[in-house]
Amino acid sequence: MTKNQKYEGSLKCQRCEVCRGFGCIGQMPGLGGVFQSENFQLNCEGWTLLRKNLNPEELEKLQNITYPQSAVRCGPVTGAVENIGFASEKDFYLPYLKKAESCGFGLCVGDGCPDEKLLNGIEAVKTMGTKAAFFLKPYPDAKLAERVEWVKPYAEYIGIDIDSYNIVTMRNLVNLERKTARQLEQFRSIYSVPFVLKGVFTDEDIELVKEVKPDVVYISNHGGRIETRIGSTADFLYKHAQELKKYCSQIWVDGGIRTSEDVKTALYFGADKAILARPLIRAAFDDLEFKL
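Residues numbered from 1 in each chain as written. Predicted model: local features only at pLDDT ≥ 70, side-chain atom pairs only at ≥ 80, totals over all residues. Heavy atoms only, no water.

### A word on the packing of helix α8 (residues 203-212) against helix α9 (residues 233-244)
- Two numbers describe how α8 lies on α9: the axes approach to 12 Å, and their chain directions differ by 20°. For the element pair α8 / α9, the angle class is roughly parallel. Handedness of the α8/α9 crossing: right-handed. The residues of α9 that touch α8, namely those facing D203, I206, V209 and K210, are F236, H240, E243 and L244.
- In the contact of α8 with α9, the residues fall into 4 nonpolar, 1 polar and 3 charged. (Axes fitted to C-alpha atoms, helices over the stretch in contact; angles between N-to-C directions. Helix = DSSP H or I, 4+ residues; strand = E, 2+ residues; numbered from the N terminus. Parallel < 35°, antiparallel > 145°, perpendicular 65-115°, else oblique. Left-handed = near helix turned anticlockwise from the far one by under 90°. Contact = heavy atoms within 4.5 Å. Nonpolar A, V, L, I, M, F, W, Y, C, P; charged D, E, K, R; others polar.)

Structure (structure tokens):
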């Protein structure tokens, strides 16, 4: 173990001083991104670019934004062994979610293959005596319905990862589907909590939002880890937030959120919640204090 490492395994994060997507290029599986981490890097710089384009009056308004820590959530992360470097999958979920909770952040739990990934996340939330937003992969309908039943007792939101059939590390592992608006509406009808459409990042996704009208639209390119198109989530939020708000109650966004200024920028340009993962992953693995 390194001097500051707490858990067994070898962290795939390169522990860069500032996480901007340059230290882990090509690490897939791992914490890098597709296209030689181009979207990962664009996500990180996107928030700075938005601020640079503001005039002084607008920038002052942004800087004066105050927000509760609950406006930030941890990202729905799985794959602790192959993507992060933990020796055991079950070692990740409780420390990761506890680290987020200690910061006052809301919680998100992801899905994966094999089922233990989702089940470990559920168990961590249950142990903490709290609730979380659960994001399910678009499995065939019968399997997806089963997963809904698993998470229902612990869910404050349930979402479908609409784009995750494109995730490089999921290919050839499991049968995921591109869900239609009709299928999504059917699953929404069995939820008892608000419904989230996660992975909105293309014009086609916007059309799906218009049909489904979810409670929450979650703009994401999986931290630059999914092969859809080149671009940043910050730019997508900037261009489409006003249109998307016509069809949902809230907008959430992730991708390159690193500082309180980034959170304020996301909120200024139309997001209701900002979501981050990689810095919290490292903080959990090394048991470091984390602050925005």
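### Re the sheet that holds strand β2 (residues 108-109)
- Read across the open sheet, the 8 strands follow the order β1-β8-β7-β6-β5-β4-β3-β2; overall the sheet is parallel. A single partner strand is all that each edge strand has here, and the edge strands are β1 (72-74) and β2.
- Summarising the sheet, strand β7 (residues 250-254) and strand β8 (residues 273-276) pair through 3 bridges and their orientation is parallel. Paired with W252 across the two strands is K273, which belongs to β8. (Pairing = 2+ DSSP bridges.)

### Concerning the packing of helix α4 (residues 90-102) against helix α11 (residues 278-286)
- For the pair α4 and α11, interaxial distance at closest approach is 9 Å and the crossing angle is 115°. One element, α4, and the other, α11, form an angle in the roughly perpendicular class. Crossing hand, α4 versus α11: right-handed. Mapping the contact onto sequence places F92, P95, Y96, K99 and A100 in α4 and L280, I281, A283 and A284 in α11.
- Taken together, the residues of the contact of α4 with α11 sort by class into 8 nonpolar, no polar and 1 charged.

### Focus on the environment of C16
- Structurally, the position occupied by C16 is in the segment before α1 (34-52).
- Judged by relative accessible area, C16 falls into the partly exposed class, the value being 34%.
- Once the C-alpha coordinates of C16 and W252 are considered, the two residues, 236 residues apart in sequence, prove to be 26 Å apart. (Buried < 20%, exposed > 50% of the residue type's maximum accessible area, 1.4 Å probe, protein only.)

### Structural notes on the pattern of salt bridges
- In the structure shown here, the tally under the stated rule is 23 salt bridges.
- Of the charged contacts in the structure, one is a salt bridge between D161 and K198, with a shortest N-O distance of 3.0 Å. Placement of D161 in strand β4 (residues 155-161) and of K198 in strand β5 (residues 195-200) is noted, with a sequence separation of 37 residues between them.
- The exposure class assigned to D161 is buried, which follows from its relative accessible area of 3%.
- Note that K210 and E243 form a salt bridge whose closest N and O atoms lie 3.1 Å from each other. Separated by 33 residues along the polypeptide, K210 in helix α8 and E243 in helix α9 bring together distant segments of the chain.
- What makes K210 partly exposed here is its relative accessible area of 22%. (Salt bridge = Lys/Arg side-chain N within 4 Å of Asp/Glu carboxyl O.)

### Notes on the packing of aromatic side chains
- Using the criterion set out here, one finds 13 aromatic pairs in the structure.
- Note on F135 and W252: the rings are 6.4 Å apart at their centroids and 75° apart in plane angle, and the pair reads as edge-to-face. In this pair, F135 sits in strand β3 (residues 132-136) while W252 sits in strand β7, placing the two residues 117 residues apart along the sequence.
- Classification of F135 as buried rests on a relative accessible area of 0%.
- For W252, a relative accessible area of 0% translates into the label buried.
- The rings of F86, F92, Y93, Y96 and F285 are connected pair by pair, giving a single aromatic cluster.
- Above the plane of the ring of Y218 lies K198, whose end atom (NZ or CZ) is 5.1 Å from the centre.
- Taking the ring centre of F40 as reference, the NZ or CZ of R278 above it sits at 3.5 Å. (Phe/Tyr/Trp six-rings, centres within 6.5 Å; stacked < 30°, edge-to-face > 60°. Lys NZ or Arg CZ within 6 Å of the ring centre and 35° of its normal.)

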